[in-house]
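# Structure assessment
This is what each chain is made of:
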Amino acid sequence: MADRMTKEQRHRCMSHIRSKDTRPEVLVRKSLFAAGFRYRLNVKALPGTPDIVLKKYHTIILINGCFWHGHEGCRHFVLPQTNRQFWEEKISRNRRRDTAVLARLEALGWKVLTVWECELEPARRTGTLESLPRKIMECSRQHEMEAAQRKRLRAERREEREAEKVRKSLARDEIYNRYEIPKRIMTESEKYDQNI
């Protein structure tokens, strides 16, 4: 099926589609601000330039348009009949990018919440916006627990390394006391142990 618009009309139409300050984003931001949360917008230093970054809670909120991000099972995600192959590839690229960005953010230790455009329709909006503060606090608690666990593991590894140094030192002292080892060999052995 051929496109009903001319190339110039299609270009003008597409150029008016926003990537920032969309209606769903503004709804979520106003709700968070009213609930007492403070945040940063579109932080370029983070992968994917996330929509909302709550640094204090170590949480990121991504607000996705159902069509542009290919929300499966959503009535807003219907591929156009014209130029179908282009749209399939575009949505597929967007999904791959979203997956990669999510993995990179989680690898950096961020907790990520995704709010879909359809969750902000009038019938579902109140429930979605009211549940966000609870989800943010849960993400914050998870981050704190994971940070405490990492700290505990680092302390255990440090103790293990110290214990291993003590064992090696005791073994070396015992060997040096039992056998007559030339000073040159003892010095080389100590250098080798320090490099390991």
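Looking at an unreviewed UniProt entry, the chain carries the name Very short patch repair endonuclease, with the source organism given as Candidatus Cryptobacteroides merdavium.

Under the local residue numbering, the UniProt record ascribes the feature "coiled-coil region" (unreviewed entry) to residues 145-173. Secondary structure over residues 145-173 splits into 100% helix and 0% strand, and the C-alpha atoms at its two ends are 42 Å apart.

Before going further, it helps to spend a moment on the pattern of salt bridges. What the rule picks out here adds up to 8 salt bridges. The residue Arg75 makes a salt bridge to Glu121 at a minimum N-O spacing of 2.8 Å. Here the residue Arg75 occupies a position in the loop between β3 (59-64) and α3 (84-107), and Glu121 occupies one in the loop between β4 (111-116) and α4 (122-178), the gap between them amounting to 46 residues. Take Arg75: its relative accessible area is 63%, and that puts it in the exposed class. Residue Arg141 is joined to Glu138 by a salt bridge in which the shortest nitrogen-to-oxygen separation is 3.1 Å. Residue Arg141 and its partner Glu138 are both found in helix α4; the two are separated by 3 residues, about one turn of the helix. When its relative accessible area of 42% is taken as the criterion, Arg141 is described as partly exposed.

What follows deals with the pairing of β4. Most of β4 is tucked away: 5 of the 6 residues are buried. Of the strand pairs in this sheet, β3 and β4 are connected by 6 bridges, and their pairing is parallel. Among the inter-strand pairings, Ile60 is bridged to a residue of β4, identified as Val112. With α3 bridging β3 and its parallel neighbour β4, the resulting β-α-β unit is right-handed.

This paragraph deals with the packing of helix α2 (residues 23-34) against α4. Relative to each other, α2 and α4 sit at 55°, their axes nearing to 10 Å. The pairing of α2 with α4 is recorded here as oblique in orientation. Where α2 crosses over α4, the two elements pack in a sense that is right-handed. Between α2 and α4, the residues in contact are Arg23, Leu27, Val28, Ser31 and Leu32 and Arg125, Leu129, Leu132 and Ile136, respectively.

What counts as what
Residues numbered from 1 in each chain as written. Predicted model: local features only at pLDDT ≥ 70, side-chain atom pairs only at ≥ 80, totals over all residues. Heavy atoms only, no water. UniProt positions renumbered as here; feature names shortened; annotations may be inferred. Helix = DSSP H or I, 4+ residues; strand = E, 2+ residues; numbered from the N terminus. Salt bridge = Lys/Arg side-chain N within 4 Å of Asp/Glu carboxyl O. Buried < 20%, exposed > 50% of the residue type's maximum accessible area, 1.4 Å probe, protein only. Pairing = 2+ DSSP bridges. Right-handed = clockwise from strand over helix to strand, strands pointing away. Axes fitted to C-alpha atoms, helices over the stretch in contact; angles between N-to-C directions. Parallel < 35°, antiparallel > 145°, perpendicular 65-115°, else oblique. Left-handed = near helix turned anticlockwise from the far one by under 90°. Contact = heavy atoms within 4.5 Å.

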